[in-house]
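Results of the structural survey
Chain residues, written in single-letter form:
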Amino acid sequence: MHEMAICLGIIQIVEEKVHERSSSRVRSICLEMGALSHAAPEAIRFCFAAAATRTVAEGAALNIVELPGVAWCMSCSKSVEIARRGECCPCCGSYHLQVTAGEQMRVKELEID
Amino acid sequence: MTRTRLVEIERDILDKNNGIAANNRGLFVADDLLVFNLLSSPGAGKTTLLVRAVSELKCSRWVGVIEGDQQTSNDAKRIQAAGVPAVQINTGKNCHLDAAMIGDAYRRLPLLSGGILFIENVGNLICPAAFDLGETCKIVVFSITEGEDKPLKYPDVFAASSLMVINKIDLASLLEFDVGKAIEYARRVNPKIDVIVVSARTGEGFAALYAWIDRQAGRQRRAFEDKGR
Ligand SMILES: Nc1nc2c(ncn2[C@@H]2O[C@H](COP(=O)(O)OP(=O)(O)O)[C@@H](O)[C@H]2O)c(=O)[nH]1
Ligand SMILES: [Mg+2]
Ligand SMILES: [Zn+2]
Ligand SMILES: [Zn+2]
């Protein structure tokens, strides 16, 4: 279950920041996840509560900003949005696409007390 | 009175793994090593392919193997029986290798300067794609018993790999597998992926695999020289 490994990664980053700021409570965590990243937002939401139990992140709200997948079409020389890998260019139908954005999984910001 | 503060972070969730992977990559480059991270579903033939490849490659250079499985050291024993050093990692409940596991395992291998390290990842076509180990590149092994559309069903691993090895071609006459279609699907998710068709059982296609490995060695040497200039 790599979603669990990803949630533990999130909590580790949060713990570091919370210690740096000598805070004790995390109200919310904001993530940025691309449509072409290695995990689905639903799966992360599902795992997060369990992963956060008895950590500083317990009870924190998880806000996930979902970003679109973007690719460069080498056939029609346009930047196009794709929902998943293996889709064709919505403009010309070519599969000759180079992904340019939407692969990120980032902790963007925290709200702490 | 507590006050709620907003803290900007902007950090990759896999930052810690990526940092250790960068460290591993530094060690591998310093030892002038090619490192291939092999990914596949369980049973595609990674270990059979490695046993054949290391038996032949060990005549011309240092070769070592790191084996990842949830349990048992059967695969490391198969490699050792071929006369090549191998370290087994048991990931337990974990379904992928991570960079820290590779850093530890690498220390348990003899020095392989100028040679090749193969990493056999846990048989799983999903999450190993997300975890950089510090490898030169990833290779996906895909057997013809799995159906042509695997690359469309599990695109991340095919997108992350530089080479797709299509294995078990000795079974082609029994299975009606359309190699052209499999390649077309793989290139939908990764237009740049190289393809080699082999049989780990008969050895068909291995000359092409060794030629591909030599090209990666040449590429690495040129990159290193360019950096030195
Ligand atoms: N017919 C045939 N069988 C193969 C080939 N490569 C592997 N196998 C068989 O596939 C099974 C799984 O192989 P193994 O190397 O353990 O797969 P791994 O899980 O990817 O390491 C074994 O029974 C092998 O003998 C091949 O090229 N042709
Ligand atoms: Mg194996
Ligand atoms: Zn197009
Ligand atoms: Zn995993």
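Predicted, not measured: the structure shown is a model, and the values here were computed from it.

**Quick look at the overall build of chain A**
Assigned secondary structure in chain A consists of two helices and six strands. In sequence order, chain A lays out its α and β elements as α-β-α-β-β-β-β-β. On C-alpha atoms alone, chain A measures out to a radius of gyration of 17 Å, which is more than a quarter above the 13 Å that the 2.2 N^0.38 rule sets for 113 residues. By principal-axis analysis of the C-alpha atoms, chain A measures approximately 55 × 25 × 15 Å. Burial statistics for chain A: of 113 residues in total, 44% are counted as buried. Taking all contacts inside chain A whose residues are at least 6 apart in sequence as the whole, residues at least 24 apart take part in 68%. Of the accessible surface of chain A, which amounts to about 5,500 Å², a share of 50% is contributed by carbon and sulfur atoms.

**Some remarks on the UniProt feature "binding site: Zn(2+)" (unreviewed entry) in chain A**
All names here are of chain A. Residues annotated in UniProt with the feature "binding site: Zn(2+)" (unreviewed entry) correspond here to C73, C76, C89 and C92. Sequence-wise these annotated residues cover 20 residues; spatially they are packed, their C-alpha atoms never more than 8.7 Å apart. Turning to its location among the elements, C76 is positioned in the loop between β3 (69-73) and β4 (78-82). By relative accessible area, C76 is classed as partly exposed at 23%. Sequence-distant contacts of C76, defined by excluding residues within four places in its chain, comprise C89, C91 and C92. Its place among the elements puts C92 in the loop between β4 and β5 (97-101). Once residues within four sequence positions are removed from consideration, C92 is found in contact with C73, S75 and C76.

**So, the coordination of the zinc ion (ligand 4)**
Coordination angles at a metal have ideal targets, namely 109.5 degrees for four tetrahedral donors and 90 or 180 degrees for six octahedral donors. Residues and elements named next belong to chain B. Within the protein, the atoms that donate to the zinc ion (ligand 4) are C95 (SG), H96 (ND1) and C127 (SG), at distances of 2.0 to 2.2 Å. Here the donor residues for the zinc ion (ligand 4) map to a single chain with the spacing C-H-x30-C. With a gap of 32 residues between them, C95 in the loop between β4 (86-90) and α4 (99-107) and C127 in the loop between β5 (116-120) and β6 (137-143) connect regions that are remote in the sequence. Of the residues examined, C127 reaches a relative accessible area of 3% and is grouped as buried.

**Structural notes on the UniProt feature "domain: CobW/HypB/UreG nucleotide-binding" (unreviewed entry) in chain B**
UniProt annotation of "domain: CobW/HypB/UreG nucleotide-binding" (unreviewed entry) refers to residues 36-196 of chain B when read in the numbering used here. Secondary structure across residues 36-196 of chain B divides into 34% helix and 22% strand, with the first and last C-alpha atoms of the span separated by 15 Å.

**So, the pairing of β3 of chain A**
Residues and elements named next belong to chain A. Across the five residues that make up β3, a large majority, four, are buried. Here β3 runs beside β4; their pairing, made up of five bridges, is antiparallel. In the strand pairing of β4, V70 is matched with E81. Hairpin connection between β3 and β4: a loop of four residues separates the two successive antiparallel strands, and S77 in this loop has a positive phi of roughly 55°. Where β3 lies against β5, four bridges are found, and the strand directions are antiparallel. Following the sheet pairing, A71 is matched in β5 by V99.

**Focus on empty space enclosed by the protein**
Residues and elements named next belong to chain B. Counting across every chain of the model gives one cavity of 30 Å³ or more. Taken as a whole, the largest cavity holds about 70 Å³ of empty space. The wall of the largest cavity is formed by L38, L49, L50, A53, F118, I139, V141, V165, L209 and I213. Mapped onto the lining of the largest cavity, the elements with two or more residues apiece are α2 (46-57), β6 and α9 (206-228). Broken down by element, the lining of the largest cavity gets its largest block of residues, three residues, from α2. Of the residues in the lining of the largest cavity, the class split is 10 nonpolar, no polar and no charged.

**Structural notes on the coordination of the zinc ion (ligand 3)**
Residues and elements named next belong to chain A. Protein-derived ligands of the zinc ion (ligand 3) are C73 (SG), C76 (SG), C89 (SG) and C92 (SG), with the metal-ligand distances lying across 2.3 to 2.4 Å. Classification of the site at the zinc ion (ligand 3) as tetrahedral follows from its four donor atoms and the range of 102 to 115° in their angles at the metal. All donors of the zinc ion (ligand 3) belong to a single chain; written as a sequence motif, their spacing is C-x2-C-x12-C-x2-C. Its relative accessible area of 2% is what places C89 among the buried residues.

Each value, and the rule that gives it
Residues numbered from 1 in each chain as written. Chains lettered and ligands numbered in written order. Predicted model: local features only at pLDDT ≥ 70, side-chain atom pairs only at ≥ 80, totals over all residues. Heavy atoms only, no water. Helix = DSSP H or I, 4+ residues; strand = E, 2+ residues; numbered from the N terminus. Rg over C-alpha atoms; globule rule 2.2 N^0.38 Å. Buried < 20%, exposed > 50% of the residue type's maximum accessible area, 1.4 Å probe, protein only. Contact = heavy atoms within 4.5 Å. Areas by Shrake-Rupley, 256 points an atom, 1.4 Å probe, with all protein chains shown as cover. UniProt positions renumbered as here; feature names shortened; annotations may be inferred. Donors = N, O, S within 2.8 Å, 3.2 Å for Na, K, Ca; no water. Pairing = 2+ DSSP bridges. 1 Å grid on protein atoms, 1.4 Å probe; cavity = no way out; pocket = protein on both sides within 12 Å on 5 of 7 lines; lining within 4 Å. Points joined across faces, edges and corners; volume = space filled by probe spheres on them. Nonpolar A, V, L, I, M, F, W, Y, C, P; charged D, E, K, R; others polar. Tetrahedral: all angles 85-135°; square planar, octahedral: opposite > 155°, others 65-115°.

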